[in-house]
Amino acid sequence: MLSAVLWITDRADAQQRVEAAPPDVVLAPHRATYEMKLQAARPNSGIVEVNGNMVIETVDSCDGWNVKQRIKLTFLRNDGEEFETDSNFTSYESKDGLELRFSVRNIQNDEVEEELRGQADLEGIGGKGRASFTLPEARSFDLPAGTLFPTSHLALVIKHARQGDKSVSYKVFDGARLDGAFQVNAVIGKPPKPPAGTPAVRGDTVLLRQPAWGVRFAFFASGDQGAPPEYELALDLLANGVARSMLLDYGDFAVDARLIQIQALPRPKC
């Protein structure tokens, strides 16, 4: 099981290079479908099997990016009990990196467990910001200087990878939590080799003909890097923002996501 904790010192030079989506990084509008299965589980997790799928849609809307992510999973416990989860995340992020609108809905066994909605704005690239929630209750708080939103963060990590950087660290706010931004440490290396017998991806596979890197992210609650990360995410990441595979590691268990279908989405005439 992949459970290594990534202790990366926040680099001042990385923070100084905070910027909106770098102009030399061209993200591809696309819809990607992944098959998800349990990769590993600790005995005390109580989880013996996980199956499901994830669909991620990234749409270019001229002045911003609309992202939709839906994950549907069925879990089997060691006592034979099954339960289903259905997680939906949608967002709009302006291409200047200064505005984010978001909506999150998490369902378990057809009952809504959590619903978040709100927006966040930054004073300027590298500057402070403010996040405001309308669900589950009205709540606002400040975002620290240097905070990035998810798509800007992804593009910046790709830029670092292309430059040959091996590790970077940024504060990232995505609206999926009520208590502020994550400190996200990234280690960049060679892309993983797909396991033997991995089926071919269907669809617009021309999108996969890109330089690639293996990137492992560790997500820490803000100001809490003395503790293990809340979770880790490993990507086989392409230069256009498509991920050929993912590993979502929650500590007690890890779920593998393999790309099975890719569809190119049109770029608008802006």
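Data block above holds the structure.
Residue indices follow the written sequence of each chain, beginning from 1 at its first position. Reporting in this predicted model follows two pLDDT cut-offs: at least 70 for local features of residues, and 80 or more for side-chain atom pairs to be given and counted; totals over whole chains, interfaces and linings ignore these cut-offs and use all residues. Just so you know, side-chain values use all the structure's heavy atoms and leave hydrogens and water out.

Attention now goes to the pairing of strand 16 (residues 253–264). Pairing between strands requires that DSSP locate at least two bridges from one strand to the other. Per the convention used, a helix needs a DSSP run of H or I reaching at least four residues, while a strand needs a run of E reaching at least two, with both numbered from the N terminus. Summarising the sheet, strand 1 (residues 30–41) and strand 16 pair through eleven bridges and their orientation is antiparallel. Note that in strand 16 the partner of alanine 32 across the bridge is isoleucine 262. Bridge count between strand 12 (residues 202–203) and strand 16: two bridges; the pairing is parallel. From the neighbouring strand, glycine 203 faces strand 16, where its bridge partner is isoleucine 262.

Right, let's get into the state of the cysteines. Note that a disulfide, as used here, is simply two cysteine sulfur atoms within 2.5 Å. Per the counting criterion, the structure on display carries one disulfide. Sulfur-sulfur distance for the disulfide between cysteine 62 and cysteine 270 comes to 2.0 Å. Disulfide cysteine 62-cysteine 270: torsion about the S-S bond near -90°, hence left-handed. With a gap of 208 residues between them, cysteine 62 in the loop between strand 2 (47–60) and strand 3 (64–77) and cysteine 270 in the segment after strand 16 connect regions that are remote in the sequence. Burial classification: accessible surface area is computed with a 1.4 Å probe over protein chains only, and a residue below 20% of its type maximum counts as buried, one above 50% as exposed, and the rest as partly exposed. Classification of cysteine 62 as partly exposed rests on a relative accessible area of 31%. You can call cysteine 270 exposed: its relative accessible area is 72%.

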